[in-house]
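Each chain is listed here by its residues.
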Amino acid sequence: MTAHPPAAAHRALGRSRGAVTSFAAVSVLIAGAALTGCAEQRDSDVYTVMNSSTDETYHRWDAEAMARCGERLGVTIEQQSVPASQVMTKALRMASSKSLPDIVQFDASEMPTFADAGGLVDLRALGLATDDIPQGIVDFGSYQGTYYGAARSVNTLALFFNKDILDEAGVPVPTTWDEMRAAAKKLTEGKRYGLALSAGGAEDGVFQFTPFMWSNGGDESDLDGPQVVEALDYWKALLQDGSLSKSTVNWTQADVNDQFMAGNAAMMINGPWQVETLNTDKSLHWEIAQIPVPEAGADSVGPLGGAVLTVPNTGDTGRERTAGRIVDCLASEKEQLTYALNSWMVPANEKAAAKWRAKVPELDALADQVAAARSRTAKLGAGWSGVSLALQSAFQSALTGQSSETALQRAQQRATSGN
């Protein structure tokens, strides 16, 4: 069970401003090309899956899974891997040339853009069931109530802590915001900060802010609402206490992990994609817990991350049906468990997740966090990207001096106007 996901391929993190694809452009390309049928002649027994498994280990695991499913279904499944940041643009180019693959694995935050333009097939219409999938994960792969994307595994964020440091300081693992603020303050000493998190001007920062926003009752459609302001004020308080580094506004989640491993942070907010790297240091005794909540007894609601397998709408209904069977196989309970044990992610299927918990009890808290997690695009769909960009600017402004209220008022204006 050793794996370190490629930077963005398995975290479901969004695009930067320069990479956000115009919904209008997507609609024109898909409506004008992909939905008019397949121009390319294809081998009837060969099916292609485009994904972002450019990392050698992930590519190999996927190839092995595809070989098993291909043997079961009597077809050959070929893998085409491109960098995560290029999946959408590559799919659009292939749509324009009527050469879309049979299956595309989209970052879940991008899937609504393709679905919004009519470019995907309803997986339920292809025979895929969602009976053993938690509703939050069904929503993760849905757009406007239609199930377009099957997740094999998902992830979210948790509180990682250095057990030796907390034990030596006599600090219990915090469960509430007040406890975490007090713990972080006590654990800050010399060059070591009590807590590390990513508040950078990129999707990493937005991903890390959502547990604070959502657990406090905040809403992405009301960015300047009091609950969101309070959540950002909490981040500001940690910074003002000296418990967070001023470099927080520049750190990615990978940077946060580096600081934690170097002993420069006693606790961090991060995800399971860091586990392989953490385990390379045998002297580092880390554990995880759910992210603290504003008040005792509240739900810790984090963001779901991951990718989903989709079937593009090519107009070839026969190939689409077979592609649906391939997705069903790749997302089956057995294949999910194998994939999750390799990658440290949590299976989307509840039965597979129960077996996974028993095999990796050290990550049990992560499974609890996933159970209450939600999709960033569930409410706003393709509109999430505008909210994300607006929040990124708000963090930069608020954590470098501007009031949270002013920064978030501007964010709400930007998200609403699109500017």
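These remarks concern the structure in this document. Source: prediction; values computed, not measured.

### Quick notes on the overall build of the chain
Per the secondary structure count, the chain includes 17 helices and 12 strands. When the 419 residues of the chain are sorted by exposure, 56% land in the buried category. Summed over its atoms, the accessible surface of the chain is roughly 16,000 Å², and 47% of this surface lies on carbon and sulfur atoms.

### Quick notes on the pairing of strand β1 (residues 46–51)
Buried residues dominate β1, accounting for 6 of its 6 residues. Because side chains alternate across β1, one face comprises the buried residues Val 46, Thr 48 and Met 50, and the other comprises Tyr 47, Val 49 and Asn 51, equally buried. The parallel pair β1 and strand β2 (residues 76–81) is bridged by helix α2 (residues 56–73), and the resulting crossover is right-handed. Note that β1 and strand β3 (residues 103–107) share 2 bridges and pair parallel. By the bridge assignment for β3, Val 49 is matched with Ile 103.

### Considering the packing of aromatic side chains
For the coordinates displayed, the defined rule picks out 12 aromatic pairs. Look at Tyr 58 and Tyr 339: their rings are 6.1 Å apart centre to centre, the planes differ by 70°, and that puts the pair in the edge-to-face class. With a gap of 281 residues between them, Tyr 58 in helix α2 and Tyr 339 in helix α13 (residues 333–343) connect regions that are remote in the sequence. Here Tyr 58 falls in the buried class, since its relative accessible area comes to 1%. Each ring, one from Phe 160 and one from Trp 286, has its centre 5.6 Å from the other, and the planes form 35°; the classification is tilted. Here Trp 286 lies in strand β10 (residues 286–289) and Phe 160 lies in strand β7 (residues 158–162), a separation of 126 residues in the sequence. In this structure, Phe 160 and Trp 286 share a single accessibility class: buried. Three or more aromatic residues link up through ring pairs in this structure, and these residues are Trp 177, Phe 209, Phe 212, Tyr 234, Trp 235 and Phe 395. Positioned above the aromatic ring of Tyr 339, the side-chain terminus of Arg 152 is 4.1 Å from the ring centre.

About the thresholds
Residues numbered from 1 in each chain as written. Predicted model: local features only at pLDDT ≥ 70, side-chain atom pairs only at ≥ 80, totals over all residues. Heavy atoms only, no water. Helix = DSSP H or I, 4+ residues; strand = E, 2+ residues; numbered from the N terminus. Buried < 20%, exposed > 50% of the residue type's maximum accessible area, 1.4 Å probe, protein only. Areas by Shrake-Rupley, 256 points an atom, 1.4 Å probe, with all protein chains shown as cover. Right-handed = clockwise from strand over helix to strand, strands pointing away. Pairing = 2+ DSSP bridges. Phe/Tyr/Trp six-rings, centres within 6.5 Å; stacked < 30°, edge-to-face > 60°. Lys NZ or Arg CZ within 6 Å of the ring centre and 35° of its normal.

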